[in-house]
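Structure assessment
Here is how the chains run, residue by residue.
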Amino acid sequence: MTLNDLDTPFLTADLDVVERNIARYQAYFDQHGIRARPHIKTHKLPVLAWKQVRAGAVGIACQKVGEAEVMAQAGLPDIFIAYNIVGEQKLDRLAGVARQCALSVAFDSEFTLRGYSRAAVKAGVPIGVLVEVDTGGKRAGVQTADEAVSLARLATELPGVDFRGLMTYPTAEQTAPLFETIVSMLEWDGIPVPVRSGGGSPRQWRAHETPVCNEHRAGTNLYCDRNLVATGAYGWEDCALRVITTVVSRPTRDRMIIDCGSKTTTNDPHRTGDFHYFPDLPDARVERMSEEHGHCDVSRVEAPPAVGERLTLIPNHACGTTNMHDWVALHRGGQVEAIVPIPARGKIR
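Residues numbered from 1 in each chain as written. Predicted model: local features only at pLDDT ≥ 70, side-chain atom pairs only at ≥ 80, totals over all residues. Heavy atoms only, no water.

1. Let's talk about a nonpolar patch on the surface
On the surface, a cluster of nonpolar side chains totalling about 310 Å² of accessible area is made up of Met1, Trp327 and Ile339. Structurally, the position occupied by Ile339 is in strand β16 (residues 335–341). (Patch = residues over 30% accessible without salt bridge, like charges linked within 9 Å, V, L, I, M, F, W, Y side chains within 5 Å. Areas by Shrake-Rupley, 256 points an atom, 1.4 Å probe, with all protein chains shown as cover. Salt bridge = Lys/Arg side-chain N within 4 Å of Asp/Glu carboxyl O. Helix = DSSP H or I, 4+ residues; strand = E, 2+ residues; numbered from the N terminus.)

2. Observations concerning the side chain of His39
Of note, His39 is situated in the loop between β2 (35–36) and α2 (46–54). Ignoring anything within four residues of it in the chain, the contact list for His39 reads Ala61, Cys62, Gln63, Ala218 and Gly219. (Contact = heavy atoms within 4.5 Å.)

3. Observations regarding the pairing of strand β7 (residues 161–167)
Counting buried positions along β7 yields 5 of 7 residues, so the element is predominantly enclosed. Pairing analysis gives 6 bridges linking strand β6 (residues 127–132) to β7, with the strands arranged parallel. Residue Gly128 lies in a different strand from β7, and its bridge partner there is Asp162. With respect to chirality, the unit in which β6 leads through helix α6 (residues 145–157) into the neighbouring parallel β7 is right-handed. (Buried < 20%, exposed > 50% of the residue type's maximum accessible area, 1.4 Å probe, protein only. Pairing = 2+ DSSP bridges. Right-handed = clockwise from strand over helix to strand, strands pointing away.)

4. Some thoughts on empty space enclosed by the protein
Overall, the coordinates contain 1 cavity of 30 Å³ or more when judged by the stated rule. Reported here for the largest cavity is a volume of approximately 40 Å³. Along the walls of the largest cavity sit Ile34, Thr171, Ala207, Cys213, Glu215 and His216, which together make up its complete lining. Looking at the lining of the largest cavity residue by residue, the classes come out as 3 nonpolar, 2 polar and 1 charged. (1 Å grid on protein atoms, 1.4 Å probe; cavity = no way out; pocket = protein on both sides within 12 Å on 5 of 7 lines; lining within 4 Å. Points joined across faces, edges and corners; volume = space filled by probe spheres on them. Nonpolar A, V, L, I, M, F, W, Y, C, P; charged D, E, K, R; others polar.)

5. A few points about the nonpolar core
The biggest cluster of nonpolar side chains holds 56 residues, and the ones touching the most others in it are Ile79, Leu94 and Val131. The leading source of residues in this core is α6, at 7 residues. Excluding residues that lie within four positions of it along the chain, Ile79 makes contacts with Arg37, Ile60, Cys62, Ala68, Met71, Ala72, Cys101, Ala102, Leu103 and Ser104. Among the nonpolar cores identified, the runner-up in size contains 48 residues, and Phe29, Leu228, Cys239 and Val301 belong to it. (Core = buried A, V, L, I, M, F, W, Y, C linked by side-chain atoms within 4.5 Å.)

Given below as structure tokens:
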């Protein structure tokens, strides 16, 4: 079977490009003595997580308990959930994951930490914990070194939890001075900080410039997408994830409609304000996304595609696009090796 045999719209991933991307980033981290911990939120596939671990990653990162459950059931041995887990139902499931693998999880409040402690004691399994620090991302995370130190001290006192270190996202200019201050304060107290985890695909090749971070989490780099290409970290040739789509209407000379709408690739915009990229039709512009239609401006295309023609599209955002699909076609050079389910898609809890 080839990609031409697939009904559209269909999600595809080029295994040759995937494996090249894995080898490239693992070689970089090995060269600089940084622990690679790839984030599976982009691909959501145990088969690719295993490729990353076998290439040398110390483990994987997940964002939700549901993702971690899928990966633990697939035998992944070391999982970090880079998210504050709150709520008794989730905590019971978290403990279930801890029974299956070496598990660690982020926290930025005493409330969250005490929940982990209760869950770990109740289940009789240890849970590793890392203080999340806001170093410029303005998302979750403690705001000061004193807050981080106070929570780390508490983590060393509570039963069931094992203080492992610090995490942040994304690694930024402010990361080094704040992490260095926290590490110094904790080591003065005799508390080791074995893991200092940074993250982000756009800054991946600069991870060695923040030596206080000895681990890096990146996800989009496996598949790449239009937004990552725009940062300069990767090129179009590194984009393994693509969507095969069909032209379903040509209502005017300058307008083309494809069967790929926001339910296929999301409507996350590019910094230019438009959507997605046709590598074989670079002058076409996806200017609007409705649920089932992609509205394309082909006014600059000399010979616009006719109704029925198939096109390949690189999405703006690989992670969101993966989450829209039940299946992905894994191929090499257009020859489909397998059409596999995406078991960790839709795991928002």
